[in-house]
Structure formats: C-alpha cells, structure tokens
Amino acid sequence: MSVRSRSAGFTLVEMLVVVAILGILATLASLALFHGTSRVRVSNAAFEVGALYTAAQMRATSMGVPHYVVFHDDGTDFGVYLLERADSLGAFNWASEDVMTAATVGGIRHEQLRLSHEGGLGFLDLGAPRPDFRTLPAPFASIPLTSSGSGRLLGGCTFCTAGTGGARGVIRFSPDGTVRVMTGSAEAGGVIAFAPESRGGQSGPPRWVVIAAPAGAIRVF
C-alpha cells in the first residue's frame with residue numbers, strides 16, 4: 001500500500017504571509033530607529049546649546065569682550081552661532097537686521113551649530129496646552145513659558161522675534177558675568193525648547209535649555 005507524501009516547499013499563501021510579517025517587522029524596526037535617533041538628536045542639540053552658553057559666558061569674562069549666542073531660522077535651516085563682538089563696533093539692531101550677514105553684524109564668529117529638522121529635530125510648540133512645566137523651578141520661575149510666535153523657532157522660543165532674513169533670538173554675555181536678552185520681551189531670561197519632530201507630529205520628551213537674566217544661571221531640563 002503506497003503512502004502519498006506531501007511535496008516539500010511552501011505554498012503561495014504561506015509565502016505571502018511570511019512576506020507580510022517581514023514587512024511589518026521592518027516597518028516597526030525603522031520607526032523605532034527613527035524615533036530613537038530623533039530623541040538622541042534632541043538631547044544632543046539641547047546640551048550643545050547649553051555648552052555654547054557656558055562657552056560664551058567664560059569667554060566674555062576672561063577676554064573682557066561681550067559675546068553673543070545667536071539663534072537663526074530662515075524657514076529652511078536653523079542654527080546657532082557664538083559671536084565675539086566689542087561694543088566699540090557700534091550698536092546693532094538684533095531684533096530686525098539680518099543676523100546672518102557677517103559683514104553687517106561685525107565681530108568674530110566662533111563655534112557654529114547647524115541644526116536641521118532632518119532626522120527628526122524640531123522645536124516644542126510652547127503655545128500648545130502642556131501638562132508638564134507650567135512654571136519653571138527656581139531660579140528660573142520668573143521666566144514666562146510663552147512662545148514668541150508660531151512655527152518652528154518662534155514657537156519653541158520665549159525670546160525670539162522675526163526680522164530681516166528670518167526669525168532670530170539673541171543673548172548677550174557681558175564681561176562682568178551678567179546676561180541680557182537682546183530680542184523679544186523676556187527680560188528675566190529665555191527658554192529654547194527642542195522636541196522630536198516627524199511627519200506624524202511631535203513625539204517623545206522635549207528638552208528645555210533655560211538661562212536666567214541677569215544672573216546667567218544655565219540649565220538643561
């Protein structure tokens with residue numbers, strides 16, 4: 001009596017099921033990698049900006065020359081640079097003039113960070129309802145957590161403003177160790193809030209870079 005054996009191999013349905021499972025796993029892995037990378041970029045950006053504040057503070061006091069940390073956003077790219085600029089160069093309207101034209105601004109540019117939304121780095125919308133950080137802890141409690149505008153840098157910054165060439169936010173570090181906010185109306189200090197950004201919207205915890213004026217206390221939350 002002969003026994004009919006099943007032929008080796010997979011049926012078409014089995015192959016389709018395997019392909020579908022592999023596709024789902026690949027999608028989940030790519031999403032995890034993307035959001036994980038986004039969170040890393042947010043943390044890196046916040047701590048790099050905090051380090052730039054500290055560098056500006058130390059350089060200003062040790063060299064006896066004012067230093068400025070300048071945030072800029074032209075609608076395509078956003079970034080921040082450290083500027084050494086003596087008062088003898090004359091006054092400059094940080095709120096309206098083009099902060100990206102080196103010849104106009106004057107001074108000497110040092111460290112520059114080019115930040116980009118590519119890879120999931122963006123800004124927290126400070127104008128949206130939030131269950132966290134209704135107020136900041138001391139010594140930053142007097143800094144209002146209100147956005148200076150809508151969209152990207154303006155939405156995630158309490159002291160930025162729009163001017164020629166795009167949005168900007170400027171903080172001055174004086175030789176006597178004091179800090180002054182040169183743009184916006186946040187005289188008590190300023191907040192830059194980074195957050196992961198993706199096509200589906202923001203996800204993951206934000207990072208807050210806070211500086212108090214005139215004391216110059218700096219902290220990353």
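What comes next is a walk through the structure.

Reading the values: the criteria
Residues numbered from 1 in each chain as written. Predicted model: local features only at pLDDT ≥ 70, side-chain atom pairs only at ≥ 80, totals over all residues. Heavy atoms only, no water. Phe/Tyr/Trp six-rings, centres within 6.5 Å; stacked < 30°, edge-to-face > 60°. Helix = DSSP H or I, 4+ residues; strand = E, 2+ residues; numbered from the N terminus. Buried < 20%, exposed > 50% of the residue type's maximum accessible area, 1.4 Å probe, protein only. Lys NZ or Arg CZ within 6 Å of the ring centre and 35° of its normal.

**Structural notes on the packing of aromatic side chains**
Pairs of aromatic rings are described using the distance from one ring centre to the other and the angle between the two planes.
Now for step 1: Enumeration over the complete set of coordinates arrives at eight aromatic pairs.
Now for step 2: Measuring from ring centre to ring centre gives 6.1 Å for phenylalanine 71 and phenylalanine 159, while their planes differ by 70°; the resulting arrangement is edge-to-face. Pair noted here: phenylalanine 71 is in strand E1 (residues 67-73) and phenylalanine 159 is in the loop between helix H3 (152-155) and strand E5 (161-163), with a separation of 88 residues, a long-range link.
Now for step 3: Note on phenylalanine 123 and phenylalanine 194: the rings are 5.3 Å apart at their centroids and 25° apart in plane angle, and the pair reads as stacked. Taken together, the positions of phenylalanine 123 in strand E4 (residues 121-123) and phenylalanine 194 in strand E8 (residues 189-198) put the pair 71 residues apart, joining distant regions of the chain.
Now for step 4: The exposure class of phenylalanine 123 is buried, given its relative accessible area of 6%.
Now for step 5: Note on phenylalanine 194: relative accessible area 0%, which makes it buried.
Now for step 6: An aromatic cluster is defined as three or more aromatic residues linked by ring pairs; in this entry it consists of Tyr53, Phe71, Phe159 and Phe173.
Now for step 7: Between arginine 109 and the ring centre of tyrosine 81, over which it is positioned, the NZ or CZ distance is 4.0 Å.

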